[in-house]
Amino acid sequence: MFTRAPNPGEPDRPLSDVRTDLVWRCPGCGGELISLDSDRKSCPEERQIYSREQGIWRFLTPDRAARYERFSQDYLTVRKAEGRGSHDPEYYRAFPFPAASGKFRREWRIRAKTYEAFVREVLTGKEDAGRRLEVLDLGAGNCWFSNRIRMRGHHPTAVDLLVDAEDGLGAHRHYQTTFRVVQAEFDRLPFAGGQFDLVVFNASLHYSTDYELTLNTAMRQLKPDGLLVVMDSPIYRDPASGNQMVRERAELFQSKYGLKSDSLPSKNFLTLDQLEYLASVLGIHWRFIKPRYGLAWALRPWTAKLQGRREPATFLLLVTSR
């Protein structure tokens, strides 16, 4: 048992590294995996071995990894050109609470407000049950969210495609906490169903190519009383505004970085009509939570309308259950 000094917004609580392992499934055939040793799991049906390298479980087969190679290169090219990443652990440990100086302060202020709304409106309700939670962090990026969840005493599992040491799962090495780190696809998760109290799409659901499939896969991961949460995905009333946003981004990336960053098809945004449709076909009910981003943010739609610009994206917390 150990205790660490609290970070902004986090309780000072004892943590234990003792946890029960998950039941793992082959992302290809769905069969249960056999542990060969602490760093290797085997699928007898497909004769495939999945290993843990530099602390990251690798659940992409060579053919699936090849599918994402160009996307990964393009994404990291843009992110590194933007100046993301650092060799300083404190750079990562501060997220999502932005430093007084440094890049992307406005972006991280928004992420911080979303996180605070998540803690206030979702997480503390689960914590009232008095047990440590299994939390699936989908689209973990540099693992900041998993670090925050671990600091609160819970057990996160960080999942992403990118394993970059500065702007992907490899950044897990910078944190003072430890947690599961898994390279896998949203639609081919390597876990048996019903093991997580919370499944969180962390600014990532809009990377899906099929919302119905992706959400169905995520819902299967929930315990009977579990909650699914969508954070920081852009939402529009008018799909034309979302499509225009995608075109503007492609043009910007082409002019600045020489690529459109569209090598992997994705939905890119949500609409209110899509959310209504998904609720109907999945048999769920969305709870909409509006984070407090401030007056200037609240006035954005009116400002855009007066200036004849497209509708700006809305960012809501979407919460649902099985």
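Scroll up to find the structure.
Residues numbered from 1 in each chain as written. Predicted model: local features only at pLDDT ≥ 70, side-chain atom pairs only at ≥ 80, totals over all residues. Heavy atoms only, no water.

Caption draft 1: Fine view of the pairing of strand β7 (residues 180-183). The alternating pattern of β7 places R180 and V182 on one face and V181 and Q183 on the opposite face, and all of these are buried. Bridge count for strand β4 (residues 56-58) against β7 is 2 bridges, and the pairing is parallel. Looking across to β7, one finds that R58 is bridged to Q183. Relative to β7, strand β6 (residues 155-160) runs parallel, the two sharing 4 bridges. The residue bridging T157 from the neighbouring strand is R180, located in β7. (Buried < 20%, exposed > 50% of the residue type's maximum accessible area, 1.4 Å probe, protein only. Helix = DSSP H or I, 4+ residues; strand = E, 2+ residues; numbered from the N terminus. Pairing = 2+ DSSP bridges.)

Caption draft 2: Expanded view of the pattern of salt bridges. According to the stated counting rule, one finds 22 salt bridges in the structure shown. Taking the shortest distance from any N to any O, the salt bridge between R70 and D74 comes out at 3.6 Å. Here D74 and R70 lie together in helix α2 (residues 69-81), a separation of 4 residues that amounts to about one turn. Residue class for R70 comes out exposed when judged on its relative accessible area of 54%. Accessibility expressed as a relative area gives 11% for D74, which makes it buried. Salt-bridge contacts for R84 lead to E107; the nearest nitrogen and oxygen are separated by 2.9 Å. A residue pair is termed long-range when its members are at least 10 positions apart, and R84 in the loop between α2 and α3 (89-93) and E107 in helix α4 (residues 105-127) qualify at 23 residues. (Salt bridge = Lys/Arg side-chain N within 4 Å of Asp/Glu carboxyl O.)

Caption draft 3: A look at the environment of G141. For G141, the location among the structural elements is in the loop between β5 (134-138) and α5 (144-151). Apart from residues no more than four positions distant in its own chain, G141 is found in contact with D160, D167, G168 and L169. (Contact = heavy atoms within 4.5 Å.)

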